[in-house]
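Single-letter residue listing:
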Amino acid sequence: MSCFSGNPNFCPECGNVLPLPGMQEVVRCPRCAFRISASEFSGREVHSTVVFNPEQSTLALEEGEDSELKGPVIDRRCSRCNKEGMVYRTRQMRSADEGQTVFFTCIHCRFQEKEDS
């Protein structure tokens, strides 16, 4: 009895992604000993969907706005006004062998936060 079930593109024994059927008559899981006949994949279709961020959330704010609000807008919740949407910028504040500091500015209330990485 298999441990995993569901999508036939995954190994039912270990959950690994199965390779696409090729010229061989058997599809083998690259991780475990599971084998399945390539004829099991006959007539199957693969569908995928790509969702892009809305154009307004990825563009910098209009010219004439404060420079602190220019940059990419990300889905991060402001800790002051609790609304989504913050602009970020990075700066190297410490020595070169340490991580950079990320500054976030809320596009709604202009509250600023920083995060050391």
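Only a predicted model underlies this, so the values are computations on that prediction, with no experimental measurement involved.

Reading the values: the criteria
- For every chain, the first residue of the written sequence is number 1, and numbering continues from 1 onward in sequence order.
- Owing to the predicted nature of the model, reporting of local features is limited to residues with pLDDT of at least 70; listing and counting of side-chain atom pairs is limited to 80 or more, with chain, interface and lining totals taken over all residues.
- Values reported for side chains reflect all heavy atoms of the structure, with hydrogen atoms and water molecules removed beforehand.
- Here, any two strands with at least 2 DSSP bridges between them count as paired.
- Helix numbering and strand numbering both begin at the N terminus, where a helix is a DSSP run of H or I of at least 4 residues and a strand a DSSP run of E of at least 2.
- Structural elements are reduced to axes, namely lines fitted to C-alpha atoms, with helices fitted over the stretch in contact, and the angle between N-to-C directions of any two is expressed from 0 to 180 degrees.
- Values of pLDDT, ranging from 0 to 100, describe the predictor's confidence in every residue of the model.

Undergrad: Any chance you could explain the sheet that holds strand E6 (residues 112-116) here in plain terms?
TA: Paired through backbone hydrogen bonds, the strands of a sheet run either parallel or antiparallel to each other. A sheet is described by the order of its strands in space; here 4 strands give the open sequence E3-E4-E5-E6, paired in antiparallel fashion. Looking along the sheet, the strands with just one partner apiece sit at the ends: strand E3 (73-77) and E6. Each strand axis lies, on average, 40 degrees off the axis of its neighbour in the sheet, ignoring direction. Judged from the 5 bridges that link them, strand E5 (residues 101-106) and E6 form a sheet pairing that is antiparallel.

Undergrad: Please clarify how the confidence of the model for the protein should be interpreted in this entry.
TA: One rule of thumb: low pLDDT means the predicted coordinates there are not for detailed reading. For the protein, the average pLDDT comes to 79, and 78% of its residues sit at 70 or higher. Ranking the elements of the protein by mean pLDDT puts helix H1 (residues 55-58) last with 53 and E5 first with 92.

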